[in-house]
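# Structural characterization, general
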Amino acid sequence: MRTLSHPARSDIELTAVFHALSDPTRLSIVRGLVGVEEQSCGALDIPLSKSTLSHHLKVLRDAGVTHTRIEGTHRYMSLRREDLDARFPGLLDVALKAA
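Residues numbered from 1 in each chain as written. Predicted model: local features only at pLDDT ≥ 70, side-chain atom pairs only at ≥ 80, totals over all residues. Heavy atoms only, no water.

## Observations concerning the overall build of the protein
Looking only at helices and strands, the protein has five helices and three strands in total. Counting helices and strands in the order they occur from the N terminus, the protein gives α-α-β-α-β-β-α-α. Here the C-alpha radius of gyration of the protein, 13 Å, is about what a compact globule of 99 residues would show, namely 13 Å. Principal-axis analysis of the C-alpha atoms gives the protein an extent of 35 × 30 × 20 Å. A buried classification covers 38% of the 99 residues belonging to the protein. Contacts in the protein between residues far apart in sequence, at least 24 positions, make up 67% of those at least 6 positions apart. (Helix = DSSP H or I, 4+ residues; strand = E, 2+ residues; numbered from the N terminus. Rg over C-alpha atoms; globule rule 2.2 N^0.38 Å. Buried < 20%, exposed > 50% of the residue type's maximum accessible area, 1.4 Å probe, protein only. Contact = heavy atoms within 4.5 Å.)

## Some thoughts on the UniProt feature "domain: HTH arsR-type" (unreviewed entry) in the protein
In the numbering used here, UniProt assigns the "domain: HTH arsR-type" (unreviewed entry) feature to residues 6–99. Span residues 6–99 is 50% helix and 15% strand, its end C-alpha atoms 25 Å apart. (UniProt positions renumbered as here; feature names shortened; annotations may be inferred.)

## Observations concerning the pattern of salt bridges
Inspection of every chain in the model, using the stated rule, returns eight salt bridges. A salt bridge links Asp62 to Lys58; its shortest N-O distance comes to 2.6 Å. Of this pair, Asp62 and Lys58 both sit in helix H3 (residues 50–63), four residues apart, roughly one helical turn. Since its relative accessible area comes to 42%, Lys58 is described here as partly exposed. Put simply, Asp85 and Arg81 hold a salt bridge, and the shortest N to O gap is 3.8 Å. (Salt bridge = Lys/Arg side-chain N within 4 Å of Asp/Glu carboxyl O.)

Following this line, the structure appears as structure tokens:
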């Protein structure tokens, strides 16, 4: 079973999170994950090509904003709210309200 790399909570960097949240598409993906435990990447309603969407999902994952779990041929995403709130309290809420 293939696994993807995710930064540890202590390795999540503020600049990487800011970069990930600075793009309207990525911010839209994050908004879609708020209040959802987990969502299939295929269920995201983002009108982009698969390769472009994959790039945005990778940026979010590498920054520590999301977690992606692989099950068979499906990928499931979740927001790492607990980790983000532990590292940068209130940052995610402020970013989502400002958008």
